[in-house]
Amino acid sequence: MDPEDVARFSAIAAEWWDPTGKFKPLHRLNPLRLAYIRDGVCKRLGRDPLAPNPLAGLRVVDIGCGGGLLAEPMARMGATVVGVDASEKNVHTAAVHAAETGTAVDYHATTAEALAASGEKFDVVLAMEVIEHVADVDLFVKSLSELLAPGGVLFLATLNRTPKSFALAIVGAEYILRWLPRGTHNWRQFLRPSELNAAIRPYGLGVRDLTGITYNPLSDEFRLNPRDLDVNYMGWAERG
Ligand SMILES: C[S@@+](CC[C@H](N)C(=O)[O-])C[C@H]1O[C@@H](n2cnc3c(N)ncnc32)[C@H](O)[C@@H]1O
Ligand SMILES: [Mg+2]
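Quick notes on the rules
Residues numbered from 1 in each chain as written. Chains lettered and ligands numbered in written order. Predicted model: local features only at pLDDT ≥ 70, side-chain atom pairs only at ≥ 80, totals over all residues. Heavy atoms only, no water. Buried < 20%, exposed > 50% of the residue type's maximum accessible area, 1.4 Å probe, protein only. UniProt positions renumbered as here; feature names shortened; annotations may be inferred. Helix = DSSP H or I, 4+ residues; strand = E, 2+ residues; numbered from the N terminus. Contact = heavy atoms within 4.5 Å. Polar contact = N/O pair within 3.5 Å; in protein donor to acceptor, adjacent residues only side chain to side chain. Patch = residues over 30% accessible without salt bridge, like charges linked within 9 Å, V, L, I, M, F, W, Y side chains within 5 Å. Areas by Shrake-Rupley, 256 points an atom, 1.4 Å probe, with all protein chains shown as cover. Salt bridge = Lys/Arg side-chain N within 4 Å of Asp/Glu carboxyl O. Arc of directions from axis to C-beta. Pairing = 2+ DSSP bridges. Right-handed = clockwise from strand over helix to strand, strands pointing away. Donors = N, O, S within 2.8 Å, 3.2 Å for Na, K, Ca; no water. Near = heavy atom within 4 Å. Nonpolar A, V, L, I, M, F, W, Y, C, P; charged D, E, K, R; others polar.

A. Geometry of unusual backbone geometry. In this structure, E129 is a non-glycine residue whose phi angle is positive, near 60°. Note on E129: relative accessible area 14%, which makes it buried.

B. Molecular detail of the UniProt feature "binding site: S-adenosyl-L-methionine" (unreviewed entry) in the protein chain. Taken from the UniProt record, the annotation "binding site: S-adenosyl-L-methionine" (unreviewed entry) applies to R33, G64, D85 and M128. Residue placement: D85 occurs in strand β2 (residues 80–85). Filtering out sequence-adjacent residues up to four positions away, D85 remains in contact with G64, C65, G66, N90, V91, H108, A109 and T110. Here the side chain of D85 touches G66 through a polar contact of 2.8 Å, landing on its backbone nitrogen. In this structure, M128 sits in strand β4 (residues 122–128). According to the relative accessible area criterion, M128 is buried, its value standing at 5%.

C. Structural context of a nonpolar patch on the surface. Taken together, F166, V171, Y175, I176 and L177 make up a surface patch of nonpolar side chains, about 470 Å² in accessible area. Of note, I176 is situated in helix α7 (residues 163–176).

D. Here's a closer look at helix α8 (residues 193–200). Looking at α8, one finds that the buried residues are P193, L196, A199 and I200. Buried residues along α8 cover an arc of 120° about the axis, so they all sit on one side. The inward-facing, buried residues of α8 contact α6 (137–147), β5 (148–159), β6 (205–216) and β8 (232–239).

E. Fine view of the pairing of β5. Within β5, 10 of the 12 residues are buried, leaving the element largely enclosed by the surrounding structure. In the sheet, β4 pairs with β5 via six bridges, with the strands oriented parallel. Note that in β5 the partner of M128 across the bridge is A157. Assessed by its sense of winding, the connection that carries the chain from β4 through α6 to β5 is right-handed. The pairing of β5 with β8 spans six bridges and is classified as antiparallel. Bridged to L156 within β8 is G235.

F. Broad picture of the pairing of β2. Among the six residues in β2, five count as buried, and that is most of the element. Sheet analysis places strand β1 (residues 59–63) next to β2, joined by five bridges and oriented parallel. Bridged to V60 within β2 is V81. Both β2 and strand β3 (residues 105–109) contribute to a ladder of five bridges, which runs parallel.

G. How the structure looks around the coordination of the magnesium ion (ligand 2). Here the magnesium ion (ligand 2) is held by the protein donor atoms E132 (OE), H133 (NE2) and H185 (NE2), which lie 2.1 to 2.3 Å from it. Counting along the primary sequence, the residues that act as donors to the magnesium ion (ligand 2) give the motif E-H-x51-H. Residue H133 is located in the loop between β4 and α6, and its partner H185 is located in the loop between α7 and α8; the two are separated by 52 residues in the primary sequence. The exposure classification of H133 matches that of H185, with both residues buried.

H. Quick look at the site of ligand 1. Every one of the 22 residues lining ligand 1 counts as a neighbour, but R33, G64, D85, N90 and M128 are closest to it. Contact distances for ligand 1 include 2.7 Å between an oxygen atom and a side-chain N or O atom of R33. Separating a nitrogen atom of ligand 1 from a backbone N or O atom of G64 is a distance of 2.7 Å. Here ligand 1 loses 98% of its free accessible area of 610 Å² to cover by the protein chains. Elements represented by at least two residues in the shell around ligand 1 include exactly α1 (3–10), α2 (24–45) and α5 (112–117). Among the residues making up the shell around ligand 1, the classes are represented as 11 nonpolar, seven polar and four charged.

I. Main features of the pattern of salt bridges. One pass over the full model with this rule turns up 13 salt bridges. For E195, the salt bridge identified is with R161, shortest N-O distance 2.8 Å. Here E195, found in helix α8, pairs with R161, found in the loop between β5 and α7; they are 34 residues apart in sequence, far enough to count as distant. Counted as one network, the salt bridges with shared partners bring together R44, R208 and E238.

Okay, here's the thing in structure tokens:
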């Protein structure tokens, strides 16, 4: 982890569940990415996405869970969820919120790297919007691969390193629209899809699906677009 980066998130930890606050973009993305994760898991593991608890019996870890925006709904879909974040403040916010909503999530203030060292395994590993914040991409990816049980699925979301992502995610989102505090992202840490694939390959993982998430300023809506990975994108990988 990168202590300075984690401190930036700790400073605004109380805002995680404010849909109009500093995490507004994540709240806006949440329905899209949750449906994508649910459908991907169900497709890969042969489950019915329309069942009341489509993820029942699965062990999920949400790495860099922040306030638990993904961890909580994953638990409500039936999964047994562990949420970990390097920031103690984030984990505190997440645990308080889960208690308020009566959602069972097992939160721990630790890093992906430390959890992997403990030898725990999960059917689903989520690392959504985290990899562009870590100090050592290779060590982080190695840890994610170690956390994956045989036949497990790894979900990743990040930002592409393109001129367009500089214009939209840095200048637009941090300086003009002020959606995010300045300095939230370092454009040089964004990863091209080819770099993401190259990072996971040495650990026997391959990307199976990728989709872009595009923002339309006229309708003020996000949507999935598999043909436009220029700015935000997510996908899943598995062994082999
Ligand atoms: C942009 S937030 C993503 C929050 C959440 N995954 C979501 O998408 O709603 C990134 C989070 O990753 C955490 N983080 C950074 N490096 C980490 C690491 N190596 N292990 C665990 N958490 C980490 C930060 O503390 C921060 O809360
Ligand atoms: Mg980010």
